[in-house]
2 protein chains.
Amino acid sequence: MRRVDVDDLDDLAIGAAVLGTGGGGDPTIGKLIAKEAIRQHGPVTVLDASEVDDDALVVPSAMMGAPTVMLEKIPSGDEIVTAFEALQSYLGREITATTSAEAGGLNSTMPFTVAARLGIPLVDADMMGRAFPELQMCTPGLAGVKATPMAIADEKGNAAIIETVSNLWTERLARAATIEMGCSAMIALYAMSGRQVKDTMIHGTLALCQEIGRAIREARAAHADPIAPTLAVLAGHRLFDGKVVDVERRTQTGFARGEARIEGVGDDAGATLVLQFQNEHLVALRDGRAVAMAPDLIMVVESDTGAPITTEELRYGFRVTVLGAPCDPRWRSPEGLALVGPRYFGYDLDFVPVEELAAG
Amino acid sequence: MRRVDVDDLDDLAIGAAVLGTGGGGDPTIGKLIAKEAIRQHGPVTVLDASEVDDDALVVPSAMMGAPTVMLEKIPSGDEIVTAFEALQSYLGREITATTSAEAGGLNSTMPFTVAARLGIPLVDADMMGRAFPELQMCTPGLAGVKATPMAIADEKGNAAIIETVSNLWTERLARAATIEMGCSAMIALYAMSGRQVKDTMIHGTLALCQEIGRAIREARAAHADPIAPTLAVLAGHRLFDGKVVDVERRTQTGFARGEARIEGVGDDAGATLVLQFQNEHLVALRDGRAVAMAPDLIMVVESDTGAPITTEELRYGFRVTVLGAPCDPRWRSPEGLALVGPRYFGYDLDFVPVEELAAG
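Quick look at the structure, then. From a predicted model like this one, the values you see are computed outputs, not experimental measurements.

### Describing the interface of chain B and chain A
So, point 1. Taken together, the contact pairs 18 residues of chain B with 18 residues of chain A.
So, point 2. With both chains or domains summed, chain B and chain A bury close to 1,600 Å², and 60% of this area falls on carbon and sulfur atoms.
So, point 3. Considering only the side of chain B, the residues that lose the most area to chain A are N158(B), L173(B) and E180(B), jointly responsible for 33% of the buried surface there.
So, point 4. Scanning the region where chain B abuts chain A turns up two salt bridges.
So, point 5. Its salt-bridge partner being E180(A), residue R172(B) comes within 2.9 Å of it at the nearest N-O pair.
So, point 6. One can count seven residue pairs in polar contact (both at pLDDT 80 or more) joining chain B with chain A.
So, point 7. Sorting the residues of the side of chain B that touches chain A by element identifies β7 (159-163) and α7 (167-180) of chain B as the ones contributing at least two each.
So, point 8. Among the elements that make up the side of chain B that touches chain A, the one with the highest residue count is α7(B) (six residues).
So, point 9. The residue makeup of the side of chain B that touches chain A, split by class, is 11 nonpolar, three polar and four charged.
So, point 10. Note: strand β7 (residues 159-163) of chain A against β7(B), five bridges, orientation antiparallel. Bridge pairing in β7(B) places I161(A) opposite I161(B).

This is how it looks when you write it as structure tokens:
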């Protein structure tokens, strides 16, 4: 058990945006909302998964939608509490703790708002080990946990409780509601026992985010390579150095979709890397050949600062370094790849681990 | 209080399809499902609105979506009970009775399924006095009753409870869910006290449907004009006699939209009537001039039998008579016209009552 205060959130948000692989929302907005909640209600108690009682009731809270929209339609922090309380009331049982749905700039910090405002602990874990665009892409789901009953709420005061026959149907109905709500909404879902948190979630995500954020900050203060620490922590690979020459972006079926084209510099001069994204980066193609693909992590950072860049921030002229890192091993199982592998996202590619592609 | 049995449903479904003004679903399917439920569970007790206790809890049950889809995706009767029971469980109170959301082929008979299967009475009333395409178009809403909490369910087992800040938002979120569910779903909404049923609903709709259906049947048996009785009961007007020469139809944003073109015969020879519909007929234009418009009722019947034809059945070659009749007077108020007048549906027309247009 530890206490997370306002000052801890800067490192945490940076690390979360790295793991967000381009998605998971803007780290600045999530941080500001969480800081405000902690200033008003005091520091948040963060529990390791091992510290949660087996019969506790734990519910992840998150933002759903297109991060591009969130930049213009900033959440107040009320709607995520509305969603959480709607689910608690529907379940008819007090929720013991909240936790993170995914690692990502916004979704790693939003649950702090819920924890601070409701005075409940936050479990240091998440359901993806990175960010993914759809609700069924969660390790508890892979292990048979149902996403529903799920609550969804918007900033206007509209809310819904959804019960579905599968987590894919949860995604479909919640996405339709999110689009109607203006392409962003707040959600509470995958209600779990403490036992299920231990068995099916990815543990220590917040600590990992803080570690990455701190390492980047310290490297910069020491005028050392600001990218090396991220690679070290994530067992990652430097895939490409270059300059963004084109970003094509559209908000489609409630997602921020598009692709970015990067022209190589230094050792990569003469080559081109194309990144394709759906909220998150899904495939990196170097001169047409895949060098990393979902579910592995593809991360874009500023070459000179090591700071993560979300897909919605990517623009012409940025000097960036593209990194790849292995995903949680559960995602590389046949069942995991069926949920989040390249073919699910429409790419005619068999999954090859980033470390194999880098080796050869 | 009276008992409605299997044999009563034939007249009732015909009359309901007349009031459905082209929408409200197919009368045959609704009747078959209701008959099956009554055969299994016994006759349904129908109450007049005046017989309902002021503190009773009454909830209309209905089908939502494009009737065109319902013809191919026939409901089992289970999903409407699922929706109704989901709302009852959410309200945490036993629902005393169900009632009809609208008058229409399917939606006048679907509530019999709920009443028969759950052993509760059915209140003889509805919220439109006809069929309309959207959820906020209900007289209780006009009087300030909220459509939510609302339950929605599909045939696969998916369901949701929706709470919104306005009845227009209920329509938006429920429509998005309906589209995702395959363009048809079952709903329970506008939970009301008995007092509200008395004050805000349109009374005696089922009796009126039966009266119309019986009058058509008896006129045909007597080889009399089968259209005159409908006109007499509804204080209606014969607008046009003709042959359907073209029907353009599309399922768009979850509705059956389109227009039908009718070439005049007899006294109407040489003229053309165009009907524009969104599930229901909304405007009738004779040689470009409006002869009836929403919220007044525009009904298409077979010229030789007086039988109602829904928009999805309309096709080339049908010999039809188009009728107009005044809507419930509440719809002609400024507030009513804001909800269901021609401008709401996108027509650049000021509402003129059908009886004035017929006189002029």
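That shown, we press on.
### Quick word on the relation of the copies chain B and chain A
So, point 1. With an RMSD of 0.0 Å, the fit of chain B onto chain A corresponds to turning through 180 degrees and sliding 0.0 Å along the axis. This pairing of chains is accounted for by a two-fold axis. Closest approach to the rotation axis within chain B is made by the C-alpha atom of I161(B), at a distance of 2.5 Å.
So, point 2. Most of the interface of chain B is mirrored in chain A, where 100% of its interface residues again form contacts.

### A short note on the pattern of salt bridges
So, point 1. A full pass over the atoms with the stated rule returns 44 salt bridges over all chains.
So, point 2. A salt bridge links D154(A) to K156(A); its shortest N-O distance comes to 3.4 Å.
So, point 3. Accessibility expressed as a relative area gives 32% for K156(A), which makes it partly exposed.
So, point 4. A salt bridge links R217(B) to D11(B); its shortest N-O distance comes to 2.6 Å. Of this pair, R217(B) sits in helix α9 (residues 205-221) while D11(B) sits in helix α1 (residues 9-19), and the two are 206 residues apart along the sequence.
So, point 5. By relative accessible area, D11(B) is classed as buried at 12%.
So, point 6. What emerges from the salt-bridge pattern is a single network uniting D54(A), R195(A), K198(A) and D199(A).

### Here's the deal with the sheet that holds strand β11 (residues 237-252) of chain A
Remark on secondary structure: sheet strands pair via backbone hydrogen bonds, oriented parallel or antiparallel.
Residue and element names in this part refer to chain A.
So, point 1. Strand order in this open sheet of seven strands is β15-β14-β13-β12-β11-β17-β16, and the pairing throughout is antiparallel. The outermost strands of the open sheet, each flanked by one partner alone, are β15 (289-293) and β16 (297-302). Each adjacent strand pair in this sheet contributes to an overall mean axis angle of 35 degrees, direction not counted.
So, point 2. Where strand β14 (residues 280-286) meets β15, four bridges bridge the pair, whose relative direction is antiparallel. By the bridge assignment for β15, V283 is matched with M293.

### Notes on the packing of aromatic side chains
All names here are of chain B.
So, point 1. Overall, the coordinates contain four aromatic pairs over all chains when judged by the stated rule.
So, point 2. Relative to W331, the ring of F132 has its centre 5.3 Å away and its plane inclined at 85 degrees; by these criteria the two rings are edge-to-face. Taken together, the residues F132 in the loop between β5 (122-126) and α6 (139-142) and W331 in the loop between β17 (319-325) and α11 (334-340) connect sequence positions 199 residues apart. W331 matches F132 in its accessibility class, with the two residues each being buried.
So, point 3. Residues Y344 and F345 carry aromatic rings whose centres are separated by 5.5 Å and whose planes lie at 90 degrees to one another, so their mutual orientation is edge-to-face.
So, point 4. For Y344, a relative accessible area of 33% translates into the label partly exposed.

### Section: the packing of helix α7 (residues 167-180) of chain A against α7(B)
So, point 1. Following both chains from N to C, one finds α7(A) and α7(B) inclined at 145 degrees, their axes separated by 9 Å at the closest point. For the pair α7(A) and α7(B), the sense of crossing is right-handed. Of α7(B), the residues touching α7(A) (which contributes W169(A), R172(A), L173(A), A176(A), A177(A) and E180(A)) are W169(B), R172(B), L173(B), A176(B), A177(B) and E180(B).
So, point 2. For the contact of α7(A) with α7(B), the per-class residue count stands at eight nonpolar, no polar and four charged.

### What to know about unusual backbone geometry
So, point 1. Following T148(A), the chain continues into P149(A) via a peptide bond in cis, with omega recorded as 0 degrees.
So, point 2. Locating P149(A) in the fold gives a position in the loop between α6 (139-142) and β6 (150-153).
So, point 3. Put simply, A294(A) and P295(A) share a cis peptide bond, and its omega is 10 degrees.
So, point 4. Position of P295(A) among the secondary structure elements: in the loop between β15 and β16.
So, point 5. In this structure, T21(B) is a non-glycine residue whose phi angle is positive, near 50 degrees.
So, point 6. If you trace the backbone, T21(B) turns up in the loop between α1 and α2 (27-41).
So, point 7. In this structure, A235(B) is a non-glycine residue whose phi angle is positive, near 55 degrees.
So, point 8. For A235(B), a relative accessible area of 48% corresponds to the partly exposed category.

Calculation criteria
- Residues numbered from 1 in each chain as written.
- Chains lettered and ligands numbered in written order.
- Predicted model: local features only at pLDDT ≥ 70, side-chain atom pairs only at ≥ 80, totals over all residues.
- Heavy atoms only, no water.
- Contact = heavy atoms within 4.5 Å.
- Buried area = accessible area lost by both parts, 1.4 Å probe.
- Salt bridge = Lys/Arg side-chain N within 4 Å of Asp/Glu carboxyl O.
- Polar contact = N/O pair within 3.5 Å; in protein donor to acceptor, adjacent residues only side chain to side chain.
- Helix = DSSP H or I, 4+ residues; strand = E, 2+ residues; numbered from the N terminus.
- Nonpolar A, V, L, I, M, F, W, Y, C, P; charged D, E, K, R; others polar.
- Pairing = 2+ DSSP bridges.
- Least-squares fit on C-alpha atoms with pLDDT ≥ 70 in both.
- Buried < 20%, exposed > 50% of the residue type's maximum accessible area, 1.4 Å probe, protein only.
- Axes fitted to C-alpha atoms, helices over the stretch in contact; angles between N-to-C directions.
- Phe/Tyr/Trp six-rings, centres within 6.5 Å; stacked < 30°, edge-to-face > 60°.
- Left-handed = near helix turned anticlockwise from the far one by under 90°.

Purely geometric numbers; function is a separate question.
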